[in-house]
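# Analysis of the macromolecular model
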Amino acid sequence: MLDWRAMTSALAGETPWWTPGTAHGYHVNTFGFLVGEVVRRASGKSIGQMLRDEIAQPLNADVHIGLPEREHGRAADFLWPDGAWPTQASPMDDFDLMRWNAYWNPPGVSGAKWVNRREWRLAEIPSTNGHGTARGVARVYAALANGGEIDGVRILERGTLRLATTEQSCGEDLVTQRPSRFGLGFQLTQAERPLGPNASAFGHFGAGGSLGFCDPETGVAFGYVTNDMGPRWQNPRNRALIEAIYESL
């Protein structure tokens, strides 16, 4: 999982789990490798380098994919709750195996056995091991809330951002077994997990309740990070913060 070439080669040889276009599912550990390899081939840069050079440094945003070792002392250990680590049932049908592999293959990579290790923090696992402060996350979303530009720094063209936030999938997610709604990488607001009251909001929940999103209608940019695992993506902590922000507008 920490070997970029091994992961992208394995994915290139994988048979789709369903006919493309007929369903959708959350592939948390592999999505970033797929997008990241396209970035690498198009630009010659890893996705961590692209984030640093084109977004984080120009915006002065404290966000990273592949955390430099000099920054490891600033990273809080993630507290994985007792009893939260799943065990593989046996036997599994193809559907159960698909869901298991989406999250837990290889064993330990998505949870307590890996996330606090030096090797994990150094690696680029783009859809899983981004590191950042709440202020850094909000800084990136502040640019996106303003059409891709803030303080004279443009990170996305308006047309690209419009495409990225256009609905691509909506409905029952075959992996999470819950409704989900996505653009191109961004979660879009939905009744089951609202990002505030406005239909144009987009962003992404993280494990245990961390959240970054923006609302172009109001100009709100939101960053919340926690190392203390809460229930699922949306939970009482981030929901209360979102409600408090909109009550204060």
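Let us look at the structure shown here. (Residues numbered from 1 in each chain as written. Predicted model: local features only at pLDDT ≥ 70, side-chain atom pairs only at ≥ 80, totals over all residues. Heavy atoms only, no water.)

### Overview of the pairing of strand β5 (residues 169-172)
Each regular strand displays side chains that alternate between the two surfaces of the sheet. The test is simple: A pair of strands is considered paired only if DSSP assigns at least 2 bridges between the two. Runs of E in the DSSP output that reach at least two residues are strands. Runs of H or I that reach at least four are helices, and both are numbered from the N terminus.
Sheet topology note: the β5/strand β6 (residues 179-182) ladder contains four bridges and is antiparallel. Pairing of C170 across the sheet is with R181, part of β6.

### Re the packing of helix α1 (residues 4-12) against helix α2 (residues 31-43)
Let me state the cut-off plainly: Between N-to-C directions, angles span 0 to 180 degrees; the directions come from axes that are lines fitted to C-alpha atoms, helices contributing only their stretch in contact. An angle below 35 degrees is read as roughly parallel, one above 145 as roughly antiparallel, one from 65 to 115 as roughly perpendicular, and any other as oblique. Residue contacts follow a heavy-atom distance rule, with two residues in contact if any of their heavy atoms lie within 4.5 Å.
Relative orientation of the contacting elements α1 and α2 amounts to 105°, with a least axis distance of 10 Å. Between α1 and α2, the angle falls in the class roughly perpendicular. Taking contact as the criterion, the partners of W4, M7, T8 and L11 in α1 are, on α2, G32, F33, L34, G36, E37 and R40.

### Re the pattern of salt bridges
Stated precisely, the cut-off is as follows: When a carboxyl oxygen of Asp or Glu is within 4 Å of a side-chain nitrogen of Lys or Arg, the pair counts as a salt bridge. For the exposure calls, accessible area comes from a 1.4 Å probe over protein chains only, and a residue counts as buried if that area is under 20% of its type's maximum, exposed if over 50%, partly exposed in between.
This structure, assessed with the given rule, holds 13 salt bridges. Across the pair E37 and R40 runs a salt bridge whose closest N-O atoms are separated by 2.7 Å. Of this pair, E37 and R40 both sit in helix α2, three residues apart, which is roughly one turn of the helix. Under the relative-accessibility criterion, E37 is labelled buried at 9%. You can call R40 partly exposed: its relative accessible area is 32%.

### Remarks on the packing of aromatic side chains
Quick note on the threshold: Centres within 6.5 Å make a pair out of two Phe, Tyr or Trp rings, where for Trp the six-membered ring is used; the pair is then stacked when the planes are under 30 degrees apart, edge-to-face when over 60, and tilted otherwise.
Taken as a whole and assessed by the stated rule, the structure comprises nine aromatic pairs. Between W100 and W104 the ring centres are 6.3 Å apart and the planes differ by 50°, which places this aromatic pair in the tilted class. With a gap of four residues between them, W100 and W104 both fall in helix α4 (residues 94-104), about one helical turn apart. Through successive ring pairs, a cluster of aromatic residues spans Y26, W100, Y103, W104, F182 and W233.

### A look at the side chain of N235
To keep things clear, this is the line we draw: By the criterion applied in these results, polar contacts are pairs of N or O atoms within 3.5 Å in which, for protein atoms, one can donate a hydrogen and the other can accept it, and in which residues neighboring in sequence qualify only through two side-chain atoms.
Its location among the elements puts N235 in the loop between β10 (220-224) and α8 (236-248). Residue N235 is classed as buried on the basis of its relative accessible area of 1%. There is a polar contact of 3.1 Å between the side chain of N235 and the backbone oxygen of G208. Setting aside residues up to four positions removed in sequence, N235 forms contacts with G208, G209 and G230.

No statement about biological role is implied by the geometric values presented.
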